[in-house]
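Listed here are the chains, written in short residue letters.
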Amino acid sequence: MSEVQLTINGQPVKARSEQSILEAAQAAGIDIPVLCYHPSVSAWGACRMCLVEVKGMRGLQTACTCPVNDGMEVQTETEAAVDVRKFVLELLFAERNHYCMFCQMSGDCELQDAAYRYGLDHFTYPRPYQKLGVDASRKFFIMDHNRCILCTRCVRGCSEITANHTLNVRDRGFDSMITADLNVSFGDSGCVECGTCLQLCPTGALIDARSAYGGREKDVVHAETTCMQCSVGCSLDVVTRYSRLLRVDGVWGSQPNDGLLCVDGRFTPLYEERKRVTAPMVRRDGKLVEVGWDEALSVAAGKLKEGKAQGLATCATTNETLDAFQKLFGKVSGEAGLLEPVAPELGYGTSANLADILDADFIVVAGAQPLDYQRVVGYFIYRAGDQGAKVAVISDTPNKLSERADMTASYAEADDVAKAAAEAKKVVLIYSVGIKGKVMAAFRELGDKLFYLALSPGRNEKGATAVGLKSTKSNGAPTKFYLLSEQVEDPSLLGELNGAFTIVQASYHSPLVEQADVVLPAPLWYERTGHVTDLEGTVKPLSEVLPMPEGVRDDAEVLTTLAEMV
Amino acid sequence: MGEKISVATQWLESCAGCHMSFLDIDERIVELLQKIELSSSPITDMKHPPEEGVDVCIVTGGIGNEEQVEEIKMLRERCRLLIAMGDCAVTGGICTMRNFFDREEVLRRGYIETESTVDGEIPVHEDLTPLTDQVSGIGDVVDVDIHLPGCPPSADAIWFVLTELLEGRIPKLEGNVLKYGSDGG
């Protein structure tokens, strides 16, 4: 790795020797057109848009794959390069259905942009009008092969970012098609609907069912916030228009997830169908009736003052709210705790971040199911495995990761895994509430090379733990305060009420809300301000993407008001 | 001021939206009419250019039937400079959606199978012109001098092309006047 000096279009440019001409040009603010290139996946050199002339080299070079050299002289817009780009564009437009007037991507399409750049005002070649399939067998997004330019960004994203290896190219030449698994429909394939391919696609071939035709880039609003669907804490780019959620994208280069999202971060929350709680309610003559905030709060505060109370919180809220909850119960007679279990402290090793997974040569997954509950972590493990890391799964029950593991062991066989891990340079132990004491003890001897990642089921477990909330069980207190937010409650909660006076702070109607004596409406993930703590312990901000409905109040503010009243 | 430039317009397999966009040049049409003489057009009494020809013919819409094939050939013969205006004239446009099906399937779908149709039949009459196998842009039938894509092209793009021509230049489309589809970017 050394510094090299080259010229691009006569302009002196400094670059690092491992960079490509394209990367050096981009760093210097020189724009070379691309279609198949995307900075988050490996360079492929297939689309031929980035062809440039390099003095002394025969023919044109693909800037995305050609490494820089000291003294190199590059010209990016010579007549030869421009002619080839136009020719390539004309062939691309001729190959499939690239009629912009009935495409949802028109206006935001990279193929269209390239054609504008090179002044294509009509088609030169005849078009075959082949009728290719549209695959809508997945729930959240659609593949229209007619719009595909076979750039393979989706294929590379699927194998390099999610590492799920669903997508590939079948057949050759003109017959080439993007395919899933052994040429099955996307819905029948092993696709995990993470949507990485959708975000990478430069044309209208991959269509988000929710946001298609919903607004172009110039019409929409972007807001960056933190995902609250699990404990990982991925960075989100939430796209809205007219106060309506349109789409969620990952943020390339962000921590901890580097743009990778899962189905629960990207799609599921946009399809929420539960009925919203939009006004405070109290029970009168056996019926829940809507009341003003003052009345609801005074009924709740009155009960909390009366006698013993228990606070039971899910972690699906902000650090500020959890702190206010803890403080409220510091002032009333009773205790607050968490409804969700928390992964135990390991007591040794170094706390890992997601990047450590990619850096490790041995990964142990014990008592955890990241592919079900913290999917992004699961995909990072896939990636590490692809890079050559050994993956061992310790579990007495079926685990989706076992299929891609090098080693599977029962809890009783944990010592065998530890023995194998002893050979490695860097070990990451990923565990959750299912881990057993024997397994925890097994890796102690690995010393400095052991890194661990504790995956708790609670969404903002790290934030809850930081304010001192611990997992607890329902007790016999005559007043119970449930901080649910948007979490779907465990049905067993209802059986534990035992006639207690029940205060519920929740975003959606649910069986528990229907049983409650006081209901305090809470905001949703995209209406919140405040912070959450991600899996790595970093405190990350939430931004108010859309305003709360009238009648809903920030839960931290409500809890603070209640604390003043008791 | 010298003799006015004669301009004819025509719409073929088209929705008329491009002509609407042409009218969206608004008051600039007054300035334009000082410099050009509008010959035939679908919105004037004269439907075809005179046999002696016109300087410029602006055609919107693609070619979707035999009559349009004859029409475009005649228009080509009767003008010095032919402008294909709008995505349909340039590429066949939205009408090319039928190219993914064969002609009989398209007619059956349109005249018999549509949900609102009762006892439909495919009309056959000697006065009815047959559909071409596929819809194409006019450039697939005759030579075109200037392509102005867009669905429709904006009034500003149309104005740009006309004023460039009036200045004696062949317009080079780029930037805001080169857009595909409706509001394409």
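Residues numbered from 1 in each chain as written. Chains lettered and ligands numbered in written order. Predicted model: local features only at pLDDT ≥ 70, side-chain atom pairs only at ≥ 80, totals over all residues.

Q: Would you explain the interface of chain A and chain B in this entry?
A: By convention, interface size is frequently given as the accessible area that disappears when the constituent parts associate. Between chain A and chain B, the contact holds 15 residues from the first and 24 residues from the second. Across the side of chain A that touches chain B, the residue classes tally to 7 nonpolar, 5 polar and 3 charged. (Contact = placed C-beta atoms within 7 Å. Nonpolar A, V, L, I, M, F, W, Y, C, P; charged D, E, K, R; others polar.)

Q: In this structure, what is going on with the confidence of the model for chain B? I would like to understand it.
A: If pLDDT is low for a region, its predicted coordinates should not be looked at in detail. Residues and elements named next belong to chain B. When pLDDT is averaged along chain B, the result is 94, and 98% of the positions lie at 70 or above. When pLDDT is averaged over each element of chain B, helix α3 (residues 66–77) comes out on top at 98 and strand β2 (residues 36–38) at the bottom at 93. For this predicted complex, the interface confidence comes out at an ipTM of 0.91, alongside a pTM of 0.93. (pLDDT = per-residue confidence, 0-100. Helix = DSSP H or I, 4+ residues; strand = E, 2+ residues; numbered from the N terminus.)

Q: Looking at this structure, how should I read the sheet that holds strand β3 (residues 51–54) of chain A?
A: Strand pairs in the sheet, formed through backbone hydrogen bonds, run parallel or antiparallel to each other. All names here are of chain A. Ordered by their spatial adjacency, 5 strands build an open sheet running β2-β1-β5-β3-β4, and the pairing between neighbours is mixed. A single partner strand is all that each edge strand has here, and the edge strands are β2 (11–16) and β4 (60–62). In this sheet, adjacent strand axes meet at a mean angle of 40 degrees when their direction is disregarded. Relative to β3, helix α2 (residues 79–95) is tilted by about 160 degrees, and along the sheet it contacts β3 and β4. (Pairing = 2+ DSSP bridges. Axes fitted to C-alpha atoms, helices over the stretch in contact; angles between N-to-C directions.)

Q: Looking at this structure, I do not really get the environment of A:Met407. What am I missing?
A: All names here are of chain A. Structurally, the position occupied by Met-407 is in strand β21 (residues 407–409). Here Met-407 falls in the partly exposed class, since 17 other C-beta atoms lie within 10 Å of it. Residues Met-407 and Val-417, spaced 10 residues apart in sequence, show a C-alpha to C-alpha distance of 7.8 Å. Excluding anything up to four places from it in sequence, Met-407 contacts Lys-390, Ala-392, Val-417 and Ala-420. (Buried ≥ 20, exposed ≤ 12 C-beta atoms within 10 Å, placed from the backbone.)

Q: What should I look at first to understand the nonpolar core in this one?
A: Most often, soluble globular proteins have nonpolar side chains that are buried together. If you look at the biggest cluster of nonpolar residues, it comprises 220 residues, and the most contacted ones within it are A:Ile363, A:Val364, A:Ile430 and B:Val59. Every residue in contact with A:Val364, bar those within four places of it in the chain, is listed here: A:Ala392, A:Ile394, A:Val417, A:Ala421, A:Val427, A:Leu429, A:Ile430 and A:Phe443. (Core = buried A, V, L, I, M, F, W, Y, C linked by C-beta atoms within 7 Å.)

Q: Sorry if this is basic, but what is going on with the sheet that holds strand β23 (residues 450–455) of chain A here?
A: Residue and element names in this part refer to chain A. Read across the sheet, 6 strands follow the order β18-β23-β22-β19-β20-β21 without closing on themselves; strand pairing throughout is parallel. The open sheet has two edge strands with one neighbour each: β18 (350–351) and β21. Across the sheet, helix α11 (residues 375–386) touches β19 (362–366), β20 (390–394), β22 (427–432) and β23, and the angle it forms with β19 is around 145 degrees. Docked against the sheet, helix α12 (residues 414–421) engages β19, β20, β21 and β22, running at close to 150 degrees with respect to β21.

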